[in-house]
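Geometric and topological summary
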Amino acid sequence: YREALAALLWPERQTALALANLRSTLSRLRRAIHDQEAEPAFLLVSADAVQFNLASDYRLDCDELAAAVADADGGSADAERLATAAADYRGRFL
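In this text, all values refer to a predicted model and were calculated from it rather than measured experimentally. (Residues numbered from 1 in each chain as written. Predicted model: local features only at pLDDT ≥ 70, side-chain atom pairs only at ≥ 80, totals over all residues. Heavy atoms only, no water.)

With that out of the way, let us pick up the packing of helix α3 (residues 61–71) against helix α4 (residues 76–89). If you want to describe how two helices pack, look at the angle between their axes and the distance between the axes. Running from N to C, α3 and α4 cross one another at 155°; their axes reach a closest spacing of 9 Å. The angle between α3 and α4 places the two elements in the roughly antiparallel class. The crossing of α3 and α4 is left-handed. Residue-level contacts link D61, C62, E64, L65, A67, A68, V69 and D71 of α3 to D78, R81, L82, A85, A86, D88 and Y89 of α4. A class-by-class count of the residues in the contact of α3 with α4 yields nine nonpolar, no polar and six charged. (Axes fitted to C-alpha atoms, helices over the stretch in contact; angles between N-to-C directions. Helix = DSSP H or I, 4+ residues; strand = E, 2+ residues; numbered from the N terminus. Parallel < 35°, antiparallel > 145°, perpendicular 65-115°, else oblique. Left-handed = near helix turned anticlockwise from the far one by under 90°. Contact = heavy atoms within 4.5 Å. Nonpolar A, V, L, I, M, F, W, Y, C, P; charged D, E, K, R; others polar.)

Structural data, given as structure tokens:
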């Protein structure tokens, strides 16, 4: 799976270089999201695969927006929650 991911992200590179890029990028990403300190970790990384850990303590802006819409009953607290969720949802990707 790592080779497929590397080829998807760096299709113009030879496999060895794409895999090196993937290792470097994963290392920087794990530092940026403090993956080593998270319990459990956000990413599950092995020699063969990389996957997001659904058991980690994460939040997704799209989930929060969907929950705010589903829970809304028209009150002022709902409007504030919806505005916050919408602002987060429109923010920069990652």
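There's plenty left to go through after this.
This part takes up the packing of aromatic side chains. Tallied over the entire structure, the rule returns one aromatic pair. Taking the centre distance of 4.9 Å and the plane angle of 80° together, the rings of F52 and Y58 count as edge-to-face. Judged by relative accessible area, which is 38%, F52 ranks as partly exposed. (Phe/Tyr/Trp six-rings, centres within 6.5 Å; stacked < 30°, edge-to-face > 60°. Buried < 20%, exposed > 50% of the residue type's maximum accessible area, 1.4 Å probe, protein only.)

With the rule as written, the count across this model stands at four salt bridges. Here R13 makes a salt bridge to E12, at a shortest N to O gap of 3.8 Å. Since its relative accessible area comes to 43%, R13 is described here as partly exposed. According to the relative accessible area criterion, E12 is exposed, its value standing at 55%. The closest approach of N and O atoms between D71 and R81, which form a salt bridge, is 3.0 Å. Taken as a pair, D71 in helix α3 and R81 in helix α4 lie far apart in primary sequence, ten residues in all. Using a relative accessible area of 47% as the deciding quantity, one classes D71 as partly exposed. Assessed through its relative accessible area of 37%, R81 is described here as partly exposed. (Salt bridge = Lys/Arg side-chain N within 4 Å of Asp/Glu carboxyl O.)

Turning to a nonpolar patch on the surface, a few remarks are in order. Taken together, the side chains of F52, L54, Y58 and L60 present a nonpolar region at the surface, about 380 Å² in accessible area. Structurally, the position occupied by L60 is in the loop between β2 (50–52) and α3. (Patch = residues over 30% accessible without salt bridge, like charges linked within 9 Å, V, L, I, M, F, W, Y side chains within 5 Å. Areas by Shrake-Rupley, 256 points an atom, 1.4 Å probe, with all protein chains shown as cover.)

To continue, consider the nonpolar core. Counting residues in hydrophobic clusters, the biggest one holds six residues: A6, W10, A18, L19, L22 and L26. The element that contributes the greatest number of residues to this core is helix α2 (residues 15–32), accounting for four residues. If we ignore the near neighbours within four places in the chain, the residues touching W10 are A18, N21, L22 and T25. (Core = buried A, V, L, I, M, F, W, Y, C linked by side-chain atoms within 4.5 Å.)

Just geometry here; none of it tells us what the structure is for.
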